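Per-entry structural report
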Amino acid sequence: MSLARRATPEDAAEVLRLRQVMIDSLGRPGFTGETGWHAESLPLLRERLAERDTDSDFGTFVVESPERPGGLAALAAGTVDYRVGTPHNPLGRVGYVFSVATDPDARRRGYARACMDELLAWLRARGAGHVLLTASPDAQPLYESLGFTRDPDPSMRLML
């Protein structure tokens, strides 16, 4: 039995808190310590966490904190996206892991791995041909141990 479980709407505030832990750990100016967006994000996150049908494209898995009743120690969240198929992914389903975080005082206990194992199983069950993520230097060993490799394609972003 896994330590991780699927997140529920009741976990939404803790999911946002852990996402902020991840954001803060990246040290990006203008993002670190910014929590004003949580109130706006919370209602939609609760809706998305309530989705349980097999067609859902959003999955979040968490480990409860043994030290803080009602709190979470770790999370892994991702989505399944459709892109036109390729020879190596004919169905065109691509998984994307966009948030993995563990409370600093709960690290090195296997919580992030347990969340990632559940998220990867969920992505496989939805037919994802491959999974993308962005790895911080601290998290890279975990992802490599799960089989991730560096992708040579450069990434670009346009803010809308």
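Read on for a plain summary of the structure. Treat the numbers as computed from the prediction; the structure is a model and nothing was measured.

A few words now on the overall build of the protein. Of regular secondary structure, the protein possesses four helices and five strands. Helices (α) and strands (β) of the protein occur, in sequence order from the N terminus, as β-α-α-β-β-β-α-β-α. What you see for the protein is a C-alpha radius of gyration of 16 Å, in line with the 15 Å of a compact globule of 160 residues. Counting across all 160 residues of the protein, residues that qualify as buried make up 38%. Long-range pairs, those at least 24 residues apart, make up 64% of the contacts in the protein between residues at least 6 apart in sequence. Accessible surface for the protein amounts to roughly 10,100 Å². Of this, 55% is attributable to carbon and sulfur atoms. Here the protein holds 19 positive side-chain charges and 22 negative ones, and the gap between their average locations is 2 Å.

Along the polypeptide, Thr-149 turns up in the segment after helix H4 (140–145). Residue classification places Thr-149 among the exposed residues on the basis of a relative accessible area of 70%.

The rules behind each value
- Each chain has its residues counted from 1, running along the sequence as written.
- Per-residue local features of the predicted model are confined to residues with pLDDT of at least 70, and side-chain atom pairs are confined, for both listing and counting, to 80 or more; whole-chain, interface and lining totals are unaffected and use all residues.
- For side-chain calculations, the full set of non-hydrogen atoms in the structure is used, while hydrogens and water are omitted.
- Segments assigned H or I by DSSP are reported as helices when at least four residues long, segments assigned E as strands when at least two residues long, and all are numbered from the N terminus.
- C-alpha atoms define the radius of gyration, and 2.2 Å times the number of residues to the power 0.38 defines the globule rule.
- A 1.4 Å probe rolled over the protein chains alone gives each residue an accessible area, and that area as a share of the maximum for its type sets the label: buried under 20%, exposed over 50%, partly exposed in between.
- Contact criterion: two residues are considered in contact whenever any of their non-hydrogen atoms come within 4.5 Å of each other.
- Areas reported here follow the Shrake-Rupley algorithm with a probe of radius 1.4 Å; residue values treat only the protein chains shown as occluding.
- His is not counted, nor are the chain ends, whereas Lys and Arg count as positive and Asp and Glu as negative.
- Note on charges: their place is set at NZ of Lys, CZ of Arg, CG of Asp or CD of Glu.

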